[in-house]
Each structure stands twice: as structure tokens, then as C-alpha cells.
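# Summary of structural features
Residues per chain, in single letters:
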Amino acid sequence: MNGEMELNNVKKINSIFSNRSFMLLFLGKLVSQLGDVIYNMAIGWYILTITKSATQMSFYMAFGTIIYVVMSPFGGVIADRYNRKQLMVWMDIIRGFAVATIGILMFFKIESIWFLYISSFILSICGAIFVPASNSLVPSIVEDEHLTKANSLTSSVNSLSNIFGTIAGGILYAILGIKFIFLLNAVSYILSGISEMFIEYNNQIKINKEEKHFIKDLLDTFRYIKEQKPVFIVMIAATLINFILVPVFAVYLPYIFNQIVKTSALEYSYVGAAESVGFLLGAVIISSIPQRDKINGYLKIGMAVYCLSIFVAYIVANSYLKGYIVSGMLVIIFIVIALMLGIFSSIMNIPFGVFIQRKIPNEFLGRVSAMLNTLSMAAMPLGMLFGGAMADFLPMTELLLGTFIVLTALTMSLFFYKGNRINLSATHVKCDI
């Protein structure tokens, strides 16, 4: 009884900004993700610089993604079985000490590319547990009427981190090098873990851990998602979109800037920052417009913008190679493209996240969230490897044009498909996992 009263007191807050627990979660994630963005930007540029190979860079990036995708469903089950707040704290502390250890070894001239893979392995496993735990914690500390705003703010964490982190990563990499980046990321994780310790969270999830095994949980979760046809269709679309677009952002763009235009890491970081600014603007837009919970129209508009953006990128890259525009103009246009993609990515993603949090029972939210995340990300490592191999053998303009054609075909199929309408005002979805 006291526990229920405590939880109600935590949740009955007039303003999301007055919710101490949510703000601690928000600030903790902001700090750790800021360190992550600086780290990821520097690592990718570092590998591409020393190897001059898109294949090797994409292989490293695919490695971490594969680990994350494989472990994420298990992370969701863990998030539903154990205290989510404690999981978040421990995952941040483990990541902090792991990255700090590798950074210290590098300062003592004990260097190896295998350190990067070890780091990626640890960060991916911990992230696979942290993400579903943090996502499913939100509805436990935030009232229902504040969920959309809370998710918009949570999405803005990624945007704010990317805005400052990408630019800071370019500057810090140029001035201090990769070793300092490791230590900086370690500090960000530890500070985040300390912040999360003070979150007021009453763990009310009660599951008999002997009743179900992990594999059975995962199979039941997949069957459940498949029964929710609108959710399943959007999830499949997200998987295909990731496969098509991941090579563009993870391989093609850095390759264009590093090997073709030969800009600095700082100039490349402006593009990543622009995408994050766009995502932040999109979060503001989606939290303020009416009927923001209906995602069908947003999905179609967003896909159309994606297609147009990739086609413009193809025109710009082709114009640069033929000498029609200078490198400065190319950078500016790519910044505008990234801004638009960020805006519409946010407008598409946030309502779907709110739908999942509102319609899935709390005791199943961690595993459903993790399963959706895993299935939508499953094609990413394949996309990275495919894009890396293609970038070393085919002209970049042909790759961009091919991406535009395939993405347009997918968009047209979604436009004519009538079964993917999702309305967040609908009744609670049934749950019999």
C-alpha cells in the first residue's frame, strides 16, 4: 500500500519539468550520450583515416550493431524481470570503467585495433540492456498525459547530444586525439550512472522467474507483435528503411567527405550536427501540433522527404565531381539535406514510440520495446557491410542513384498499402504473452 502511494506521489506532477526523477533520467542520458556521440564520431573517422577503406570502417560499425541486435531481445526480457533503475546504473558504471581501462592502456602506448573491438563489444551488450530499461522506465515515473512531451524531451537528448557532440568530436579529435576521447566517454558514463542513482522508482514488476525461460519469452513476444498487424507492418518498413539508408549515413557520407572532397573531420561534423538540430526541431513540432498521435500520414510524408533528399544528394555529388560546384557549396547543401532528414525522422519516430508505451502493458513493455528495436535494426549491419563493399568498387554517384530508386519503390508500396494505419487513440491492444 505504501509503495503504491509512493509511486502515485512520484507520478502526480503538474509539469514534466517539475518531475525530479524524469529530469535526472533526462540529464543522465544527455551526459552519457554526449560522450557516446563524441566517441563514435571520432572512432569512425579514425578508422577511415588510418585504413582509407570504407569496407574496414563499415565492418567495425557492423560488428557493434550485430552484437547489439543479437543481445537486445535478451536485454528487453532482463528489463522486464529486474529493477530497471538498477540495471541502468550498473550498465553505465560498467561501460565507464571498461572504456576508461582501454583509454589508460592507450596512454601507456599499449595500443591495438582489437581494443576498439573490445570496447564496441562491451558497449553494445550494455546498451542492449540499458535502452529497453530506460525506455520502459519512462511510463513508470511520468503521468500518461505527459508521455508525449516526455518522449519528445527524451528524443531531444539524442539531438542535443549529436548537435554538440559531433562538432566537439571533430574539434577534440583534431586537438587531443583518440586516447582522450576514450577517457572523456568513460567520465560521461560514470556521471550518468551517478545521476540515475537518485531516480525515485518503485519497482512493481513481479514475475516468477521460474515460469518462463528467455527463449520462450522471446518467441512469445515475436508472435504477439506479429498479431498486431499495423505495428508489424511499420516495423517491417522500418527494417527495410534502415537497410537502405544506413549505408548513406554510416558509409557514403563520411566516404564522400574523407576520400572524395577531402574535408576535415570538423566540416563533416557539421552535417551530423544539422541532422540532430532537425531531429530536435521535429520533436518540438510533433509535440505541439494537433492529432500528433496518428502516424500514418507522417510516415508517408517522411518517406517522400527521404526520397527527395537522397535524389538531391545524388545531384549535388554528381555536380561536384563534374566541377559545377565547389566543396563549400557541397557542404552547405548536405547540411540542409541532413536538417530536413532529421526533422522528418523525428516526426515519424516519436508518435510510434508513444503508441508502444501507451498500448503495451507495463510488465511486457521492456521486451516488446526491445524486440521492435531489434527487428527494425536487424538489417543495419548488413546495410553497413553492403555499403562499405559497394563504396570501394562503385562510383558514389551510382550508389546514391541506386539508393534513391530502391527507396522510391518502397515508398510507393507504402503509399498504396491500406493496412498500415495506426491510431494512438485506439483502445488498448490485447496482450496474452
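Residues numbered from 1 in each chain as written. Predicted model: local features only at pLDDT ≥ 70, side-chain atom pairs only at ≥ 80, totals over all residues. Heavy atoms only, no water.

### Notes on the pattern of salt bridges
Counted according to the given criterion, the structure contains two salt bridges. Its salt-bridge partner being R95, residue D92 comes within 2.7 Å of it at the nearest N-O pair. Taken together, the residues D92 and R95, both in helix α4 (residues 84-107) and three residues apart, mark about one turn of the helix. The class for D92 is buried, based on a relative accessible area of 0%. Residue classification places R95 among the buried positions, given a relative accessible area of 5%. (Salt bridge = Lys/Arg side-chain N within 4 Å of Asp/Glu carboxyl O. Helix = DSSP H or I, 4+ residues; strand = E, 2+ residues; numbered from the N terminus. Buried < 20%, exposed > 50% of the residue type's maximum accessible area, 1.4 Å probe, protein only.)

### Overview of the side chain of S345
Its location among the elements puts S345 in helix α12 (residues 327-359). Using a relative accessible area of 11% as the deciding quantity, one classes S345 as buried. Each residue touching S345, except ones within four places of it in the same chain, is listed here: F279 and Y306. (Contact = heavy atoms within 4.5 Å.)

### What to know about the side chain of K85
Mapped onto the elements of the fold, K85 is located in helix α4. Notably, K85 is buried but unbridged: the nearest opposite-charge side chain belongs to E200, and the N-O separation is 8.7 Å. At a separation of 2.8 Å, a polar atom in the side chain of K85 contacts the main-chain carbonyl oxygen of I199. Leave out the neighbours within four places in its chain, and K85 touches E196, M197, I199 and Y201. (Lys, Arg positive; Asp, Glu negative; His and termini not counted. Polar contact = N/O pair within 3.5 Å; in protein donor to acceptor, adjacent residues only side chain to side chain.)

### Remarks on the nonpolar core
F182, F257, M303 and F334 are the most contacted members of the largest nonpolar core, which totals 74 residues. The leading source of residues in this core is helix α9 (residues 229-260), at 13 residues. Filtering out sequence-adjacent residues up to four positions away, F182 remains in contact with Y39, I43, V99, I102, G103, M106, L116 and S119. Counting 24 residues, the second largest nonpolar core, distinct from the first, contains M23, L87, L137 and V138. (Core = buried A, V, L, I, M, F, W, Y, C linked by side-chain atoms within 4.5 Å.)

### Some thoughts on the packing of aromatic side chains
Evaluated as defined, the whole model comprises 10 aromatic pairs. Residues F59 and Y117 carry aromatic rings whose centres are separated by 6.3 Å and whose planes lie at 55° to one another, so their mutual orientation is tilted. With F59 in helix α3 (residues 54-81) and Y117 in helix α5 (residues 113-141), this residue pair connects regions lying 58 residues apart in the sequence. On the basis of relative accessible area, Y117 is assigned to the buried category, the value being 13%. (Phe/Tyr/Trp six-rings, centres within 6.5 Å; stacked < 30°, edge-to-face > 60°.)

### A closer look at the environment of L123
When you line up the elements, L123 lands in helix α5. Residue L123 is classed as buried on the basis of its relative accessible area, which comes to 13%. With 59 residues separating them along the chain, L123 and G64 place their C-alpha atoms 8.0 Å apart.

### Re the packing of α5 against helix α7 (residues 178-196)
Contact geometry of α5 with α7 gives a least axis separation of 14 Å together with a crossing angle of 20°. Between α5 and α7, the angle is such that the two are roughly parallel. In the packing of α5 onto α7, the handedness of the crossing is left-handed. Along its contact with α5, which presents L116, S119, L123 and F130, the element α7 presents F182, N185, Y189 and E196. A per-class count over the contact of α5 with α7 returns five nonpolar, two polar and one charged. (Axes fitted to C-alpha atoms, helices over the stretch in contact; angles between N-to-C directions. Parallel < 35°, antiparallel > 145°, perpendicular 65-115°, else oblique. Left-handed = near helix turned anticlockwise from the far one by under 90°. Nonpolar A, V, L, I, M, F, W, Y, C, P; charged D, E, K, R; others polar.)

### Here we look at a nonpolar patch on the surface
A cluster of nonpolar side chains, namely I104, F107, F108, I110, I171, I175, L176 and F180, defines an oily patch on the protein surface of about 780 Å² accessible area. Secondary structure elements with two or more residues in the nonpolar patch: α4 and α6 (147-176). No other element matches α6, which puts three residues into the nonpolar patch. Note that L176 resides in helix α6. (Patch = residues over 30% accessible without salt bridge, like charges linked within 9 Å, V, L, I, M, F, W, Y side chains within 5 Å. Areas by Shrake-Rupley, 256 points an atom, 1.4 Å probe, with all protein chains shown as cover.)

### Thoughts on the confidence of the model for the protein
Summarising the model, the protein shows a mean pLDDT of 77, and 79% of its residues fall at 70 or more. The least confident element of the protein is helix α1 (residues 2-11), whose mean pLDDT is 45; the most confident is α4, at 88. Below pLDDT 50 for its whole length, residues 420-433 participates in 47 contacts with residues either more than four positions away or in separate chains. (pLDDT = per-residue confidence, 0-100.)

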